[in-house]
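A look at the structure
Read off the chains here:
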Amino acid sequence: MNTDQSQLPILIVVIPLLFSLITPVVGWWKRQWCCPLVITALALSLISSVGVAYRVVVDGPVSYYLGGWEPPWGIEYRIDHLSALMTLVLTFISLLAAIYSKRSIERELPEREPSFYCVFLLLITGLLGIVVTGDMFNLYVFLEIASLAAYALIAIGEKGAAFSAFRYVIVGTIGACFYLLGVGYLYIVTGSLNMADLSQILPQLHHSRVVLVAFGFLLIGIAMKMALFPLHIWLPDSYTYAPSAVSALVAPLMTKVGAYVMIRIMFSIFGPVFSIEIVPTTTLLTSVAAIAILVGCIMALAQVDLKRMLSYILVAEVGYIALGVGLANRNGLTGAILHIVNDAFMMACLFFAVGAVVYKTGTRNIYQLKYLHRRMPFTMGALVVAGLSVIGIPPLCGFFSKWYLILGAIDGQQWPFVVVLLASSLLSAILFFRVIDNAYFDHIHARNGDLHHESVISPPERMEIDEAPLSMLVPTLVAALGIVVLGVSSMKIISTMIQHAVPVSF
Amino acid sequence: MIRRQDSIIITTLTRLLTPFIQLFGLYVIMHGHSSPGGGFQGGVILGAGFILLAISFGIDEAKQRFSEGLIAVFSSAGVFIFAGIGLLCLFLGANYLDYGILPVVEPRSLGMLGVEIGIGITVMAVMISIFRDLLTFE
Amino acid sequence: MDLLISHFNYFISICLMMVGLYAMMAKMNLVKKLIGMNIFQWSIILFFVSTGAKHGATIPIVEAGHSHHGAEVILQASHYVNPLPHVLMLTAIVVGVATTGVALALLLRIYRTYHTLEEDEILQKMR
């Protein structure tokens, strides 16, 4: 057995894949062993990614040749600082989501747990493969694995789920086909599919029209997968009607992986010189991102359904990351990468909490959550922490990423985006205070329709704590704790990992 | 709901042709690495042979020959063979899917043959499964 | 006119792509949208494979006499068509088939819930 540490990069991807095949077979034999197997697989993957991240921080980027063939003839797995950070975040959040899903799936899909967990692990395999690989076509394969698993998982929800998933299929397939077309153009003109090799060959071809078209197709394809405005139409419906365990896994992770691919394409393959000076990507990207932030926040204000509101907030968060990438200076890109990490934790905590509320009360309507802080104090506490982080209050993590984004906007002398970022914080404050208000108090005018008489009645005397089950509560609290820990240790994360991920020329 | 065909020509021809279709599918899988063909193509041919059987003889009889549990076992087994060969290479000391380290006569050629067989089994099982699900719809 | 004839494979794949895109956008029936998506994917696959072709080149199969058991024969790589796009497109075809399978299963579920496959009727029922 080759116990050399150099085999860890492949184990990150292969362990969930193998367990996704073992789980249905074991599950048909004994159903109770499904969830422990899934948790084992993700824990092993987390340990491998911690090992690889340690090696990357100490030694520098790690390369792994699949099949022993050297690049550019073979497929190469290349883990540098950005990839290591992404694998850590992905494995940790998916482990939390797996622990969370046990009770939720028992209630929503009683007889089909083995198949559910098989597709669950395949989705995680696809996402991990996207961030680990260093080959353009291999990325397409993993992207499609993750997308197909996501289509299937989203479709098992409630009444509107199948149609929303069909819409997601159409839009997602167009996006993946555009990505494939971009890879094809690059292959025709350079003859290589390896990312490191392309970054060496492409500078000589900067003024070729084929490279320009390839860049356009790649970015539009990835924007469709990432739900960047105006290609975000599939996102609110899909994430609202999906089961709670599925939206807890898919919502924090899929759009962030799309943002990772965009950063790779723009800065690692095509290089900052091409992306900023030759093609005015940054002006286009920043304007689109600013509109995304505003549209996301404003549409979230109009929602009554709690999960739909969170989906629109997710559209706004993707806008933040795209804004940071588009600003194209050191502070902006640092803010964008930090926001990828922070937003994964924030969205995970929010969707966990909302799923727990649905599990216990059966409703997602904001105006029907009364005195929830008495019945489910810990869940509402986690919701409040995550909400404060989305607004951007120190020392929670959301503050630090927004701080770097605003610094980046100021560095680039782009004052409208500073205004947009501050306005979105205000809008998020309105959004979350509305939820907290409805959950913590019970106003008379909400019941009588009498708008003039607004007083707060005191809650009934005895309201026991009817908290969510432990396997759903612990991931929520761990995610909330993670938000606080990430906020406090932001500087450490930036100095060890993110500052090596930003291109040197910034 | 597909019922058994009334015409005797169709049923007899199908009965005669199916072994040859399956043999051809196996031939395409085996010769994948040195002529046009391979795992996916051979798997589709094998699956198409079964679909021909289902169309001619009715879905009930076809369901008897391939139960749902068997389909699940076949599809998992195929991917297991592929991932398992890769893991075997990992255990023997080389990188994942590095066939050169296998202790057989022509390691790279036989390693590729092994994964092609795995792919063929999985593709056949998935084709049959999709067809079954589309038909057992009420 | 020269451009049309010399790069005719590009124009054909663009036409197919636009047909697929039109079907996805303008048709109301969900199965027709699915077929449009299929046409879109296959046009890209055709385009890729056509870029590997060369004048006077043969298929990338080594003949029986050239096996490594026999005598050492030096192969000229320029005699053969580029096999890499073929291999990549095999994977893309499999991905297309899998996506079609998933989409068909989704259509079955939609039909079971709404008893229709027209998009405007489904949207009305969803309100």
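Residues numbered from 1 in each chain as written. Chains lettered and ligands numbered in written order. Predicted model: local features only at pLDDT ≥ 70, side-chain atom pairs only at ≥ 80, totals over all residues.

1. A few points about the overall build of chain B
- What chain B contains, in helices and strands, is 5 helices and 0 strands.
- Along its sequence from the N terminus, chain B presents helices and strands in the succession α-α-α-α-α.
- Each principal axis of the C-alpha atoms in chain B carries an extent, and together these give about 60 × 30 × 15 Å.
- The buried share of chain B, taken over its 138 residues, is 36%.
- Look at the contacts in chain B between residues 6 or more apart in sequence, and 66% of them connect residues 24 or more apart. (Helix = DSSP H or I, 4+ residues; strand = E, 2+ residues; numbered from the N terminus. Buried ≥ 20, exposed ≤ 12 C-beta atoms within 10 Å, placed from the backbone. Contact = placed C-beta atoms within 7 Å.)

2. Structural notes on the overall build of chain C
- Each helix and strand counted, chain C has 5 helices and 0 strands in total.
- Listing every helix and strand of chain C by position from the N terminus yields α-α-α-α-α.
- Residue pairs at least 24 apart in sequence account for 51% of intrachain contacts in chain C once pairs closer than 6 positions are excluded.

3. Overview of the interface of chain A and chain C
- The interface is formed by 22 residues belonging to chain A together with 24 residues belonging to chain C.
- Secondary-structure elements contributing two or more residues to the side of chain A that touches chain C are helix 5 (136-154) and helix 6 (161-190) of chain A.
- Class assignment for the residues of the side of chain A that touches chain C results in 17 nonpolar, 3 polar and 2 charged. (Nonpolar A, V, L, I, M, F, W, Y, C, P; charged D, E, K, R; others polar.)

4. Let's talk about the interface of chain B and chain A
- Listed per partner, the contact involves 14 residues of chain B and 15 residues of chain A.
- Here the residues of the side of chain B that touches chain A are counted per class, giving 9 nonpolar, 4 polar and 1 charged.

5. Digging into the nonpolar core
- One finds A:Leu153, A:Phe166, A:Ala348, A:Cys349, A:Ala386 and A:Ile483 to be the most contacted residues of the largest nonpolar core, which totals 261 residues.
- It is helix 6 of chain A that contributes the most residues to this core, 20 residues altogether. (Core = buried A, V, L, I, M, F, W, Y, C linked by C-beta atoms within 7 Å.)

6. Concerning unusual backbone geometry
Residues and elements named next belong to chain A.
- Here the residue pair Phe 229 and Pro 230 is connected by a cis peptide bond, since its omega of -5° sits within 30 degrees of zero.
- For Pro 230, the position within the fold is in the loop between helix 8 (209-226) and helix 9 (234-241).
- The omega torsion across Pro 394 and Pro 395 is 0°, close enough to zero to call that bond cis.
- Structurally, Pro 395 is set in the loop between helix 16 (377-391) and helix 17 (397-411).
- Positive phi values are uncommon outside glycine, yet Ala 227 reaches one of about 65°.
- Mapped onto the elements, Ala 227 comes out in the loop between helix 8 and helix 9.
- The buried category is assigned to Ala 227, around which 28 C-beta atoms lie within 10 Å.
- A positive phi is found at Ala 328, a non-glycine position, where the angle reads about 55°.
- Turning to its location among the elements, Ala 328 is positioned in the loop between helix 13 (306-327) and helix 14 (330-361).

7. Re helix 18 (residues 415-440) of chain A
Residues and elements named next belong to chain A.
- A rise of 1.5 Å per residue sets the reference length of helix 18, with its 26 residues, at 38 Å; its end C-alpha atoms lie 37 Å apart and thus fit the reference within 8%.
- The complete set of buried residues in helix 18 reads Phe 417, Val 420, Leu 421, Ser 424, Ser 428, Leu 431, Phe 432, Val 435 and Ala 439.
- Buried residues along helix 18 sit against helix 12 (281-301), helix 13, helix 15 (372-375), helix 16 and helix 17. (Expected span 1.5 Å × (residues − 1).)

8. Here's the deal with the packing of helix 2 (residues 8-26) of chain C against helix 3 (residues 30-50) of chain C
Residues and elements named next belong to chain C.
- At a minimum axis separation of 7 Å, helix 2 and helix 3 run at an interaxial angle of 165°. Overall, the two elements helix 2 and helix 3 adopt an arrangement that is roughly antiparallel. Helix 3 is crossed by helix 2, and the crossing has left-handed handedness. Along its contact with helix 2, which presents Asn 9, Ser 13, Leu 16, Met 17, Val 19, Gly 20, Leu 21, Ala 23 and Met 24, the element helix 3 presents Lys 32, Lys 33, Ile 35, Gly 36, Met 37, Ile 39, Phe 40, Ser 43, Ile 44, Leu 46, Phe 47 and Ser 50.
- Its residues placed into classes, the contact of helix 2 with helix 3 shows 13 nonpolar, 6 polar and 2 charged. (Axes fitted to C-alpha atoms, helices over the stretch in contact; angles between N-to-C directions. Parallel < 35°, antiparallel > 145°, perpendicular 65-115°, else oblique. Left-handed = near helix turned anticlockwise from the far one by under 90°.)

9. Quick word on the confidence of the model for chain C
All names here are of chain C.
- On average, chain C scores 84 in pLDDT, and the residues at 70 or more come to 89%.
- Of all helices and strands in chain C, the one with the weakest mean pLDDT is helix 1 (residues 2-6) (82), whereas helix 3 scores best (93).
- Scored by ipTM, the complex comes to 0.91, with pTM at 0.92. (pLDDT = per-residue confidence, 0-100.)

10. Quick look at the packing of helix 1 (residues 8-30) of chain B against helix 2 (residues 39-57) of chain B
Residue and element names in this part refer to chain B.
- Running from N to C, helix 1 and helix 2 point in directions that differ by 170°, and their axes come no closer than 8 Å. Between helix 1 and helix 2, the angle is such that the two are roughly antiparallel. For the pair helix 1 and helix 2, contact is made by Ile 10, Thr 11, Thr 14, Thr 18, Ile 21, Gln 22, Phe 24, Gly 25, Leu 26, Val 28 and Ile 29 and by Gly 39, Gln 41, Gly 42, Ile 45, Leu 46, Gly 49, Leu 52, Leu 53, Ser 56 and Phe 57, respectively.
- A breakdown of the residues in the contact of helix 1 with helix 2 according to their chemical character gives 11 nonpolar, 10 polar and no charged.

11. So, the pairing of strand 1 (residues 62-65) of chain A
Residues and elements named next belong to chain A.
- Only one face of strand 1 is buried: it carries Val 62 and Tyr 64, and the other face, with Ser 63 and Tyr 65, is open.
- Direction of pairing for strand 1 relative to strand 2 (residues 76-79): antiparallel, over a ladder of 4 bridges. Following the sheet pairing, Tyr 65 is matched in strand 2 by Glu 76. (Pairing = 2+ DSSP bridges.)

12. As for the environment of C:Leu4
- Residue position: C:Leu4 is located in helix 1.
- Remark: the alpha-carbon pair of C:Leu4 and C:His79, spanning 75 residues in sequence, is separated by 27 Å.

13. Some words on the confidence of the model for chain B
- When pLDDT is averaged along chain B, the result is 86; 98% of the residues meet or exceed 70.
- When pLDDT is averaged over each element of chain B, helix 1 of chain B comes out on top at 92 and helix 3 (residues 59-65) of chain B at the bottom at 82.

14. Brief notes about the environment of A:Pro203
- With respect to the helices and strands, A:Pro203 occurs in the loop between helix 7 (195-201) and helix 8.
- For the pair A:Pro203 and A:Gly271, spaced 68 residues apart in the sequence, the C-alpha separation amounts to 8.0 Å.

15. Comments concerning the environment of A:Ala290
Residues and elements named next belong to chain A.
- As for its placement among the helices and strands, Ala 290 is situated in helix 12.
- In this structure the C-alpha to C-alpha distance between Ala 290 and Gly 319, which are 29 residues apart in sequence, comes to 6.5 Å.
- In this structure, Ala 290 is in contact with Leu 323, Phe 417 and Val 420, ignoring residues within four places of it in sequence.

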